[in-house]
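Notes for the structure review
Single-letter residue listing:
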Amino acid sequence: QVQLVESGGGLVQAGGSLRLSCAATTFSLKTMGWYRQAPGKQRELVADINFGGRTNYADSVKGRFTISRDNAKDTVDLQMNSLTPEDTAVYYCYAQVWGGDAYWGQGTQVTVSS
């Protein structure tokens with residue numbers, strides 16, 4: 001199956017930045033993106049990007065986060081700026097193959113201190 005390897009999580013002060021990266025073990029994925037889940041909350045979409053480069057962002061991160069991908073390498077990055085404690089969550093890389101199946105990374109913790 002497709003494996004997604006995430007990196008870049010960690011601790012950061014409010015107002016700081018982090019860059020998350022995800023590398024897939026296959027190529028030409030239909031859609032890649034990032035979800036996050038905080039304790040006691042549902043997993044929610046943060047941002048995604050399709051093969052053609054169309055992006056989609058949650059309202060809460062618009063203007064602060066930027067998603068990008070390299071189709072040739074099947075990597076997706078999430079640049080997170082102006083972080084706030086509300087961004088604290090486990091962030092999961094997501095990929096959907098052309099056949100419709102979806103895959104998830106193991107998750108990486110992002111903690112933003114006030």
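Note that the structure is a prediction, hence the values are computed from the model and not measured.

This part is about the side chain of threonine 108. Within the secondary structure, threonine 108 is located in strand 11 (residues 108–113). Ignoring sequence-local partners within four residues, the contact set of threonine 108 consists of Glu6, Gly9, Leu20, Trp34, Ala89, Val90 and Tyr91.

All chains considered together, the criterion is met by one disulfide. Between the sulfur of cysteine 22 and that of cysteine 93 lies a disulfide, 2.0 Å long from S to S. Because the sign of the S-S torsion sets the handedness, a value of about -90° for the bond joining cysteine 22 and cysteine 93 places this disulfide among the left-handed ones. One end of the pair, cysteine 22, is in strand 3 (residues 18–24); the other, cysteine 93, is in strand 9 (residues 89–96), and 71 residues separate them in sequence. Across the pair, cysteine 93 and cysteine 22 agree in class, each one buried.

A word on the packing of aromatic side chains. Within this structure, the stated rule accounts for four aromatic pairs. When the ring of tyrosine 94 is compared with that of tryptophan 104, the centres are 4.9 Å apart and the planes differ by 55°; the resulting orientation is tilted. In this pair, tyrosine 94 sits in strand 9 while tryptophan 104 sits in strand 10 (residues 102–104), placing the two residues ten residues apart along the sequence. Among the residues examined, tyrosine 94 registers a relative accessible area of 12% and is labelled buried. Here the aromatic cluster, defined as three or more aromatic residues joined through ring pairs, consists of Tyr35, Tyr94 and Trp104.

On the basis of which strands lie adjacent, the open sheet formed by four strands has the order 1-3-8-7 and antiparallel pairing. This sheet does not close on itself; its edge strands, each paired only once, are strand 1 (4–7) and strand 7 (65–70). Between one strand axis and the next, the sheet turns through 15° on average, direction left out of account. Both strand 7 and strand 8 (residues 75–80) contribute to a ladder of six bridges, which runs antiparallel. Its bridge partner being in strand 8, phenylalanine 65 is matched across the sheet by methionine 80.

On to the nonpolar core. With 31 residues, the main nonpolar core has Leu4, Met32, Trp34, Leu78, Met80 and Tyr91 as its most contacted residues. The set of elements that each furnish at least two residues to this core consists of strand 3, strand 4 (31–37), strand 5 (44–50), strand 7, strand 8, strand 9 and strand 11. Setting aside anything within four residues of it in sequence, one finds methionine 80 in contact with Gly16, Ser17, Leu18, Leu20, Arg64, Phe65, Tyr91 and Val110.

Tallied over the full model, the rule gives six salt bridges. Across the salt bridge formed by arginine 36 and aspartate 87, the nearest N and O atoms sit 2.9 Å from each other. Here the residue arginine 36 occupies a position in strand 4, and aspartate 87 occupies one in the loop between strand 8 and strand 9, the gap between them amounting to 51 residues. Of the two residues, arginine 36 and aspartate 87, neither departs from the other in class, the shared state being buried. Salt bridges here are not isolated pairs; linked through shared partners, they connect Arg36, Glu44, Arg64 and Asp87.

About the criteria used
Residues numbered from 1 in each chain as written. Predicted model: local features only at pLDDT ≥ 70, side-chain atom pairs only at ≥ 80, totals over all residues. Heavy atoms only, no water. Helix = DSSP H or I, 4+ residues; strand = E, 2+ residues; numbered from the N terminus. Contact = heavy atoms within 4.5 Å. Disulfide = S-S within 2.5 Å. Buried < 20%, exposed > 50% of the residue type's maximum accessible area, 1.4 Å probe, protein only. Phe/Tyr/Trp six-rings, centres within 6.5 Å; stacked < 30°, edge-to-face > 60°. Pairing = 2+ DSSP bridges. Axes fitted to C-alpha atoms, helices over the stretch in contact; angles between N-to-C directions. Core = buried A, V, L, I, M, F, W, Y, C linked by side-chain atoms within 4.5 Å. Salt bridge = Lys/Arg side-chain N within 4 Å of Asp/Glu carboxyl O.

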